[in-house]
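Residues per chain are reported as follows:
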Amino acid sequence: MTTIRLVRGDITRESAEAIVNAANSSLLGGGGVDGAIHRRGGPAILADCRKLRAGHYGKGLATGKAVATTAGDLDARWVIHTVGPRYSQQEDRSDLLASCYRESLRVADELGARTVAFPAVSAGIYGWPIDDAARIAVETVRKAETGVEEARFVLFDEKAYQAFARQVD
Ligand code: ADP
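The structure reproduced in this document is the subject of the present report.

The rules behind the values
- Residues numbered from 1 in each chain as written.
- Predicted model: local features only at pLDDT ≥ 70, side-chain atom pairs only at ≥ 80, totals over all residues.
- Heavy atoms only, no water.
- Buried < 20%, exposed > 50% of the residue type's maximum accessible area, 1.4 Å probe, protein only.
- Helix = DSSP H or I, 4+ residues; strand = E, 2+ residues; numbered from the N terminus.
- Contact = heavy atoms within 4.5 Å.
- Near = heavy atom within 4 Å.
- Polar contact = N/O pair within 3.5 Å; in protein donor to acceptor, adjacent residues only side chain to side chain.
- Pairing = 2+ DSSP bridges.
- Right-handed = clockwise from strand over helix to strand, strands pointing away.
- Core = buried A, V, L, I, M, F, W, Y, C linked by side-chain atoms within 4.5 Å.
- Axes fitted to C-alpha atoms, helices over the stretch in contact; angles between N-to-C directions.
- Nonpolar A, V, L, I, M, F, W, Y, C, P; charged D, E, K, R; others polar.

A word on helix α1 (residues 32–41)
Then step 1. Buried residues of α1: Asp34, Gly35, Ala36, Ile37, His38 and Gly41, and no others.
Then step 2. Buried positions along α1 lie against β2 (18–23), α2 (43–54) and β4 (78–83).
Then step 3. Gly42, located one to two residues past α1, shows a positive phi value of around 80°.

Structural notes on the site of the ligand
Then step 1. Taken together, 15 residues lie around the ligand, and Asp10, Val33, Ser122, Gly124 and Ile125 are the ones closest in.
Then step 2. Between the ligand and Ile11 there is a distance of 2.9 Å, counted from a nitrogen atom to a backbone nitrogen or oxygen.
Then step 3. Within the backbone of Ile125, a nitrogen or oxygen atom sits 2.8 Å from an oxygen atom of the ligand.
Then step 4. Counting residues per element, the shell around the ligand draws most heavily on α1, at 3 residues.

As for the pairing of strand β5 (residues 115–118)
Then step 1. Neither face of β5 is left uncovered, since the one carrying Thr115 and Ala117 and the one carrying Val116 and Phe118 both have all their residues buried.
Then step 2. Sheet topology note: the β2/β5 ladder contains 2 bridges and is parallel. Note on β5: the bridge partner recorded for Ile19 is Ala117.
Then step 3. Two elements, β5 and strand β6 (residues 150–155), share 4 bridges in a ladder whose sense is parallel. From the neighbouring strand, Thr115 faces β6, where its bridge partner is Glu150.
Then step 4. Taken together, β5, helix α4 (residues 130–143) and β6 constitute a β-α-β crossover, and its handedness is right-handed.

Digging into the nonpolar core
Then step 1. Membership of the largest hydrophobic core comes to 35 residues, with the highest contact counts inside it found for Tyr101, Val116, Phe118, Val141, Phe153 and Phe164.
Then step 2. Taken together, the elements giving at least two residues each to this core come down to β1 (3–8), β2, β4, α3 (94–111), β5, α4, β6 and α5 (158–168).
Then step 3. Beyond its immediate chain neighbours, meaning those up to four positions away, Phe118 contacts Ile11, Val20, Tyr101, Ser104, Leu105, Val141, Ala151, Arg152, Phe153 and Val154.
Then step 4. One finds Ala16, Ile37, Ile45 and Leu74 within the second-largest nonpolar core, a separate group that totals 18 residues.

Quick word on the packing of α1 against α2
Then step 1. Contact pair α1 / α2: the axes reach a minimum separation of 6 Å and the direction vectors enclose 115°. Contact residues: α1 offers Ile37, His38 and Gly41, while α2 offers Pro43, Ile45, Leu46 and Cys49.
Then step 2. Considering only residue class, the contact of α1 with α2 consists of 5 nonpolar, 2 polar and no charged.

No statement about biological role is implied by the geometric values presented.
Here it is in C-alpha cells:
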C-alpha cells in the first residue's frame, strides 16, 4: 500500500528520495516547476538531460513517459522527469496524464525509491483544471502497483492543495 500525503510548498525543498519534474519533451528546461528544479538543483541535472538527448532520447521524451536523472544539489537522490499533456477541450487526454504518474512510479520502482514527491503535473502552464488534475493524480497513484511507500503531492498554492485535499478526504 502506498501512503498518500499532501504538502503545501515548493517541491525543490522536499527531501523525498525522488522528486518528479513536470518537464517538457525537450528535457532541456522550461518554466514553472521545471525551471525551479533546474535552478535549485544546479547544472548537473541539465548535463544528465543532455546526455539522455544525445542517447536514447534523441527526439526528446514523449508525453506520458518518464525518465530519471541525478538530482544535483537537491536533497533528493533523483529527479524523475515526466511530460504531461497540454489540456485540451477538444480531446480527452486524461490517460496521458494518468500515464505520467504510472510511469513515474515505474521508474521509481526501478531506482528503488521509496518516497516520491509529485507536483500537480499539467496543472500550470499546460492548463489542466486543478480539480480534474487532482482527481486523476490521486486515483492513478491509489490504483498503481508499486513498491513506493509514500507518494507525496507537493502543492504550490492553496487552491491546488485544497483540490487535492478534496480527493484524499
Ligand atoms: P505544466 O507545464 O505541466 O503545467 P507547471 O510547472 O507549469 O507544469 O505547473 C505544474 C504545477 O506545479 C502547477 O500547479 C504549478 O503551480 C506548480 N509549481 C510551480 N512551481 C512549483 C514548485 N517549485 N513546487 C511545486 N509545485 C510547483
